[in-house]
Amino acid sequence: WVVLLGSADWLALPGRTVVVLGAGAEVGPLPVLLSWGARVIGIDLPRPAIWDRVLETAKRSGGTLLVPVADAKPGQAGVDSSEDLNPLTQRAGFDLAGDIPAVADWLAGLDGPLVLGNYVYADGAANVRVASAVDALTVRLQAERRDVALAFLATPTDVFAVPADAVTQSARAYADRSAANKLGRGLLQSLSGGRLLRPAYPPGSDPGICDSLVAQQGPNYALAKRLQRWRATVARDGGLAVSMNVAPPTRTRSVTRNRVLAAAYAGAGRFGVEVFEPATTKALMAALLVHDLHAGPPAGGHPWQDEAYAAAHGGLWRMAYAPRSALALAALLGYRAARKSLPDQGQPVVRVLR
């Protein structure tokens, strides 16, 4: 934030257009970038409920929003404060999994440098389909333009190599537990056959391996996010500008409607993990994106170091225990609090990024 405040003209990303794939994503950067005066292309499904929110956000901002509309091929529509938004909400949007060549042709013909931001999410197998479609779009644009930068949000619930200082802090947290904590941990270890509350890393690991995969999110989610990580790694190796930052655990609707995950997030603070509110995550990750586009990440020398740089993991990498070995206990501890905050199961939940 200090760097950004010292270079306030950075915030509007002058000369660039940011393509936000998943314009309605709950922790996507679209609202923040528009509030900073950026020029943004928003692409999401043709659902009026999504575009009601997105277009109202644009109308209140100082930025410029372009959206595809229901024509023979994707077109564009500027939004300003005097425009009647209702017709546009009925025509805006595009299904990325349906016609990637049309979207690619449109984006390839736009003037000025592009930032292609991947913030899409769908439930189940559709998540892999849309992730694959976006990857095909990325490859196509890379082949046709030399001025495309890529942007991603990495999920914290994945497997990462982490630096030695995180391993050291985790080991210190494990060693400094209270006597009561150590006794309770011993009992739980015995009762669970060693599955609960295991130390996070073997002593002296450099790098350590933090396995934060959550089975409840399913294999489709893990594969879709891994596709994004692979594309980011390959693109960076090929010399493209890439912003991919690990986002913190966040109370998005897609997380809190899952009872186990909602309870685990509610109890995560007992283990030193900070769970963020969507508004905080959104602003933080947008700021990191702007910083990366202007300053670029430092040369890491290895892909895992690029991923670890500026990772906002919320404490998952530095907690005393292996995350999955504490998940069940965190869910038990947070069950009562989570019940009070669960959304009404009878209400529709919009598509969001976890």
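Residues numbered from 1 in each chain as written. Predicted model: local features only at pLDDT ≥ 70, side-chain atom pairs only at ≥ 80, totals over all residues. Heavy atoms only, no water.

### Examining empty space enclosed by the protein
Over the atoms a probe the size of a water molecule is rolled, and this reveals where empty space is left. Tallied over the full model, the rule gives 7 cavities of 30 Å³ or more. Its boundaries defined by the atoms lining it, the largest cavity holds a volume of some 240 Å³. Within the residue set of the lining of the largest cavity, elements represented by two or more residues are helix H11 (259–267) and helix H14 (323–341). If you tally residues by element for the lining of the largest cavity, the top one is H14, at 5 residues. (1 Å grid on protein atoms, 1.4 Å probe; cavity = no way out; pocket = protein on both sides within 12 Å on 5 of 7 lines; lining within 4 Å. Points joined across faces, edges and corners; volume = space filled by probe spheres on them. Helix = DSSP H or I, 4+ residues; strand = E, 2+ residues; numbered from the N terminus.)

### Some words on the packing of aromatic side chains
Evaluated as defined, the whole model comprises 4 aromatic pairs. With a centroid separation of 5.5 Å and 45° between ring planes, the pair formed by Phe160 and Trp317 is classed as tilted. Of this pair, Phe160 sits in strand E7 (residues 159–162) while Trp317 sits in the loop between helix H13 (303–308) and H14, and the two are 157 residues apart along the sequence. Taken as a pair, Phe160 and Trp317 share a single burial class, namely buried. (Phe/Tyr/Trp six-rings, centres within 6.5 Å; stacked < 30°, edge-to-face > 60°. Buried < 20%, exposed > 50% of the residue type's maximum accessible area, 1.4 Å probe, protein only.)

### Overview of the layout of surface pockets
In this structure, the second largest pocket occupies an estimated 220 Å³ of space. Surrounding the second largest pocket, 14 residues form its lining, Arg177, Asn181, Arg270, Phe271 and Tyr321 being those nearest its centre. Those elements giving two or more residues to the lining of the second largest pocket turn out to be helix H8 (179–191) and H14. Take the lining of the second largest pocket: its biggest share by element is 4 residues, from H8. Residue classes in the lining of the second largest pocket are distributed as 8 nonpolar, 2 polar and 4 charged. (Nonpolar A, V, L, I, M, F, W, Y, C, P; charged D, E, K, R; others polar.)

### Side note on helix H9 (residues 218–237)
Look at H9: 29 Å from first C-alpha to last across 20 residues, which is about the 28 Å you get at 1.5 Å a residue. What H9 keeps buried is the set Tyr221, Ala224, Lys225, Gln228, Arg229, Arg231, Ala232, Ala235 and Arg236. The buried residues of H9 occupy an angular sector of 160° when projected down its axis, which confines them to one face. Every exposed residue of H9 that faces more than 90 degrees away from the buried side is listed here: Pro219, Trp230 and Asp237. Looking at the buried residues of H9, the elements they touch are strand E5 (114–118), helix H6 (125–144), strand E6 (148–154), E7, strand E9 (242–246) and H13. Gly239, located one to two residues past H9, shows a positive phi value of around 95°. (Expected span 1.5 Å × (residues − 1). Arc of directions from axis to C-beta. Contact = heavy atoms within 4.5 Å.)

### With respect to unusual backbone geometry
Cis geometry marks the peptide bond from Asp206 to Pro207; its omega dihedral reads 0°. Positive phi, normally seen in glycine, also occurs at Leu13, with a value near 50°. With respect to the helices and strands, the residue Leu13 is situated in the loop between helix H1 (2–5) and strand E1 (17–21). Residue Leu13 is classed as buried on the basis of its relative accessible area, which comes to 1%. Residue Leu197 is not a glycine yet carries a positive backbone phi of 55°. Among the residues examined, Leu197 registers a relative accessible area of 5% and is labelled buried.

### A word on the confidence of the model for the chain
Per-residue pLDDT for the chain averages 86, and the proportion of residues at 70 or more is 85%. Scored below 50 in pLDDT, residues 344–354 makes 36 contacts in the model with residues more than four places away or belonging to other chains. (pLDDT = per-residue confidence, 0-100.)

### Section: the pairing of E9
Of all 5 residues that make up E9, 5 are buried, and the element is covered over most of its length. In this sheet, E9 lies alongside E6 in parallel orientation, the contact comprising 5 bridges. Along E9, the bridge assignment pairs Leu153 with Asn245. (Pairing = 2+ DSSP bridges.)

### A closer look at the packing of helix H5 (residues 100–108) against H6
Remark: H5 packs on H6, axes separated minimally by 10 Å, with the N-to-C direction vectors making an angle of 35°. Considering how the two elements wind past one another, H5 and H6 form a crossing that is right-handed. Here Ile100, Pro101, Val103, Ala104, Asp105, Leu107 and Ala108 of H5 come into contact with H6, specifically with Ala133, Ala136, Leu137, Arg140, Leu141 and Glu144. In terms of residue class, the contact of H5 with H6 is built from 10 nonpolar, no polar and 3 charged. (Axes fitted to C-alpha atoms, helices over the stretch in contact; angles between N-to-C directions. Left-handed = near helix turned anticlockwise from the far one by under 90°.)

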